[in-house]
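Coordinate inspection notes
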Amino acid sequence: MLWGSNARESHPIFFHHVLRGMQNGARLYVVDPRRTTSAQHAHLWLGLDVGTDIALANAVGREIIAAGLVNHAFVQRATRDFEAYRASVEPFTLEVAEEITGVPADAIRQLAHDYARAPRAELCWTLGITEHHNAVDNVFALINLALLTGHVGRYGSGLNPVRGQNNVQGGGDMGALPNKFPGFQDVESDAVRARFEAAWGRALPAQNGWHLSQMFEAMGRGEMRALYIIGENPAQSEADSARTERLLTGLDHLVVQDMFLTRTAELADVVLPSTASWCEAEGTVTSSERRVQRVRRALNPPPGTKGDLEILSLLAARLGFDWGMPTAEMVWDECRRLSPMHAGMSYRRLEALDGIQWPCPDESHPGSKFLHARLWDDPVGGDRAAFHPVSHDPPLDALSDEYPIRLTTGRRLDSFNTGVQSGRFSSPLRRPETLNLSPEDMAALGVAEGERVAIRSRRGRIEAPVHTDPTLRAGLAFMTLHFPDQVNTNTLTSDAWDPKSGTAEFKATAIGVERLARADALAAEAPAREVGL
């Protein structure tokens, strides 16, 4: 099951494995507002309205319970809070869910029965689930389905958050999170913190730090006055880009460390040119399947650049801390000493085994092919897995007469994120950015293919040519973030964020679309019109 994931275009290599599975008899189900190229391969596509994932998941869960398809042995032995979950999904009948989501009741029933009865089932999701103001609740809704059916902790059955960027898993593993040390160890645990303090010889803060959205809010309050950005382009990747750029330019000091002179780097007081980590540096990378693999330098970096590790070491020395010049292996070995789940992953073993999947607690351990097998032990090892009742909560950026169309964003096969990397080479698949509209909306607006239109949201206005997209239903539009220098889509998107994850609601923007002549007339009237924020 691909839920909120157009893997055919966003994760094409992963999708080849999906296709191979289908050739071997697997069935593919896709839950997505658009009939994407992934959905076009599916046995069943459930085209839900944007922001109704929880209502759909709750209805699937209710139908599994009502049809007697719950894996009761697993639920009783390995989980807790089932009765609270049962009560929370009871109102979400197939008929109620159809009204909320737009998905036919028969399709919801088929998905529920086939998922529950499958001998093995993978439930995969990506940013279509997590780029919402209730991102974590969306994920909880899917985890509930896996617990209900026992599709977790077994070979071939599990939950798979297919990662959105290269080595994003490795970043989290290494502690690039405001509440975790390397190995996902809690910052607020006294025992964990004491171990890191002993290794690093410094007292460490006892409370969690800010995530990205909180950092921008702190900039707005004047509490954060300096920022050091490594390998990120928030000026073009963050929601409500006008606000983002205003906050970045208002800092006392901005440092950007990157291999490209991005739009964010152009705003910086200091730019530190770094190398390409995938071919000009030593280290490790972690895949979505938790496999840690070695990265080896294949090319010498260009003159005037330094590797990220060398830059950080030299900066530490300027700040009065002499780390020497540690190698990547030395840093990795320190990680292994401090992170139990990486302890058995020496460079020697990583090379001999072509990568190892964590957790790997010692050098005799082969690595863990899949997680949560303990849930099948009797009695269960450790804590039971909790059901999390969650409620339907529609997008915060509400549709209105002024903003009647729902814009969702995503990727195309030929490009990547803000185009910093992919935009520097040509592709026969690439075409300029467009506002994709359904045939019905094209007709209702009276616009022709390729005609430039004005697109407005509660945050700003941009212009783009329109493109007829038959994968869209009336009232749904689509754009990418790949060409911000030509069409800055994130001028429109909402920076409302999930309080649990900090992720902004990129996927559910309310927009209005007008032909340019009418848009110019409306703009002339703007001072006299009340504008909602």
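Look up: the structure comes first, before these words.
Owing to the predicted nature of the structure, the values given are computational and were not obtained by experimental measurement. (Residues numbered from 1 in each chain as written. Predicted model: local features only at pLDDT ≥ 70, side-chain atom pairs only at ≥ 80, totals over all residues. Heavy atoms only, no water.)

1. Focus on the packing of helix α12 (residues 212-221) against helix α14 (residues 241-249)
We count it as follows: For helices, the axis comes from a line fit to the C-alpha atoms of the stretch in contact; other axes are also lines fit to C-alpha atoms, and the angle between any two N-to-C directions lies between 0 and 180 degrees. Secondary structure elements follow DSSP: runs of H or I no shorter than four residues count as helices, runs of E no shorter than two count as strands, and numbering proceeds from the N terminus. The labels follow the angle: roughly parallel below 35 degrees, roughly antiparallel above 145, roughly perpendicular from 65 to 115, and oblique for the rest. Should the near helix be turned anticlockwise from the far one by less than a right angle, the crossing is termed left-handed; should it be turned clockwise, right-handed. Whether two residues are in contact is decided by their heavy atoms, any of which lying within 4.5 Å being enough. Residues are sorted three ways: Asp, Glu, Lys and Arg are charged, Ala, Val, Leu, Ile, Met, Phe, Trp, Tyr, Cys and Pro are nonpolar, and all the rest, Gly among them, are polar.
Following both chains from N to C, one finds α12 and α14 inclined at 60°, their axes separated by 9 Å at the closest point. One way to sum up the angle between α12 and α14 is to call them oblique. Where α12 crosses over α14, the handedness of that crossing is left-handed. Of the residues in α14, those touching α12 at F216, E217, M219 and G220 are R243, T244, L247 and L248. Here the residues of the contact of α12 with α14 are counted per class, giving 4 nonpolar, 2 polar and 2 charged.

2. Section: the sheet that holds strand β14 (residues 356-357)
So the rule is basically this: Here the rule is simple: two strands pair whenever DSSP picks up at least two bridges between them.
Strand order in the open sheet formed by 3 strands is β12-β13-β14, and the pairing between neighbours is antiparallel. Each edge of the open sheet is held by one strand with a lone partner, namely β12 (283-286) and β14. Relative to strand β13 (residues 291-295), β12 is paired through 4 bridges, and the arrangement is antiparallel. Bridging from a neighbouring strand, V285 pairs with Q293 of β13.

3. Structural notes on the packing of aromatic side chains
Threshold: Side-chain rings of Phe, Tyr and Trp, where Trp is taken by its six-membered ring, are said to pair if the distance between their centres is within 6.5 Å; with planes under 30 degrees apart they count as stacked, over 60 as edge-to-face, and otherwise as tilted. To sort residues, take the accessible area from a 1.4 Å probe on protein chains only and compare it with the maximum for the residue type: under 20% means buried, over 50% means exposed, and anything in between is partly exposed.
Taken as a whole and judged by the stated rule, the model has 7 aromatic pairs. Ring geometry for F74 versus W376: centroids 4.7 Å apart, planes at 35°, classification tilted. Here the residue F74 occupies a position in helix α4 (residues 72-78), and W376 occupies one in the loop between β14 and β15 (385-386), the gap between them amounting to 302 residues. Under the relative-accessibility criterion, F74 is labelled buried at 0%. A relative accessible area of 30% means that W376 is categorised as partly exposed. An aromatic cluster is built from F82, Y85 and F387, whose rings are joined through pairwise contacts.

4. Thoughts on the nonpolar core
The criterion, for reference: To form a nonpolar core, buried Ala, Val, Leu, Ile, Met, Phe, Trp, Tyr and Cys residues must be joined to one another through side-chain atoms within 4.5 Å.
Residues W3 and I64 are the most contacted members of the largest nonpolar core, which totals 52 residues. When residues no more than four places from it in sequence are discounted, the contact partners of W3 are V31, D53, L56, A57, L123, C124, W125, T126, I129, L142 and L145. Judged by nonpolar contacts, the second largest core, of 17 residues, contains I455, A477, L492 and V513.

5. Focus: the environment of A517
Topologically, A517 is positioned in helix α20 (residues 516-524). Owing to a relative accessible area of 61%, A517 belongs among the exposed residues under this scheme. Expressed as a C-alpha distance, the spacing of A517 and V453, which sit 64 residues apart in the sequence, is 8.9 Å.

6. Regarding the pairing of strand β20 (residues 476-480)
Among the 5 residues of β20, 5 are classified as buried, and the element is accordingly described as predominantly covered. Along β20, one buried face is formed by L476, F478 and T480 and the opposite face, lined by A477 and M479, is buried too. Inspection of the sheet shows strand β16 (residues 405-410) paired to β20 by 5 bridges, in the parallel sense. Bridge pairing in β20 links G410 to T480.

7. Notes on the sheet that holds strand β9 (residues 226-230)
Taken in spatial order, the 3 strands make up an open sheet running β9-β10-β11, and their pairing is parallel. Looking along the sheet, the strands with just one partner apiece sit at the ends: β9 and β11 (270-273). Between one strand axis and the next, the sheet turns through 10° on average, direction left out of account. As paired elements, strand β10 (residues 253-258) and β11 share 4 bridges and run parallel to each other. Note that in β11 the partner of Q257 across the bridge is L272.

8. So, a nonpolar patch on the surface
To keep it simple, the criterion reads: Each patch is assembled from residues with relative accessible area greater than 30% and no salt bridge, linking like charges that lie within 9 Å and nonpolar side chains (Val, Leu, Ile, Met, Phe, Trp, Tyr) that lie within 5 Å. Note on areas: these come from Shrake-Rupley sampling with a 1.4 Å probe, and a residue is covered only by the protein chains present in the view. For this document, the term salt bridge refers to a Lys or Arg side-chain nitrogen within 4 Å of an Asp or Glu carboxyl oxygen.
A cluster of nonpolar side chains, namely Y228, I230, L312, L315, L319, F321 and W323, defines an oily patch on the protein surface of about 660 Å² accessible area. Looking at the nonpolar patch, the elements with two or more residues in it are β9 and α16 (308-318). Residue placement: W323 occurs in the loop between α16 and α17 (328-338). The exposed category is assigned to W323, whose relative accessible area is 52%.

9. Some points on unusual backbone geometry
Going from W358 to P359, the amide bond is cis rather than trans, its omega being 0°. Tracing the sequence through the fold places P359 in the loop between β14 and β15. Residues D378 and P379 are joined by a peptide bond in cis, for which omega reads 5°. Summarising the element assignment, P379 is placed in the loop between β14 and β15. Residue N167 is not a glycine yet carries a positive backbone phi of 65°.

10. Concerning the environment of S391
Assignment of secondary structure puts S391 in the loop between β15 and β16. Note on S391: relative accessible area 53%, which makes it exposed. The spatial distance from the C-alpha of S391 to the C-alpha of W45 is 23 Å, given a sequence separation of 346 residues.

11. Thoughts on the packing of helix α3 (residues 53-66) against helix α6 (residues 94-101)
As a packed pair, α3 and α6 sit with axes 9 Å apart at the nearest point and diverge in direction by 165°. On the basis of the axis angle, α3 is roughly antiparallel to α6. Handedness of the crossing formed by α3 with α6: left-handed. Contact residues: α3 offers A55, L56, A59 and E63, while α6 offers L94, A97, I100 and T101.

12. Side note on the pattern of salt bridges
Close approach of charged atoms lets side chains of opposite charge pair. Taken as a whole and assessed by the stated rule, the structure comprises 30 salt bridges. Across the pair K500 and D137 runs a salt bridge whose closest N-O atoms are separated by 2.8 Å. A residue pair is termed long-range when its members are at least 10 positions apart, and K500 in the loop between β20 and β21 (509-515) and D137 in helix α9 (residues 135-149) qualify at 363 residues. On the basis of relative accessibility, which here comes to 53%, the residue K500 falls in the exposed class. Put simply, D333, R336, R348 and E363 are held in one network by salt bridges that share partners.

13. Some thoughts on the layout of surface pockets
Where we set the bar: Method remark: on a 1 Å grid restricted to protein atoms, a set of points is classed as a cavity if a 1.4 Å probe fits but cannot get out and as a pocket if it is open with protein on both sides within 12 Å along at least five of seven lines; lining residues have an atom within 4 Å of a point. Grid points are joined across faces, edges and corners, and a volume is the space filled by probe spheres set on the points.
One number sums up the size of the second largest pocket: a volume of about 360 Å³. Along the wall of the second largest pocket there are 20 residues; nearest its centre are E9, T37, R412, R431 and N436. Of the residues in the lining of the second largest pocket, the class split is 4 nonpolar, 8 polar and 8 charged.

14. Some details on the pairing of β16
A regular strand carries its side chains on alternate faces of the sheet. Of all the 6 residues making up β16, 6 are buried; the element is thus mostly covered by neighbouring parts of the structure. The side-chain alternation of β16 yields two buried faces, one formed by I405, L407 and T409 and the other by R406, T408 and G410. Pairing of β16 with β21, which is carried by 3 bridges, proceeds in the antiparallel orientation. Paired with R406 across the bridge in β21 is A510.

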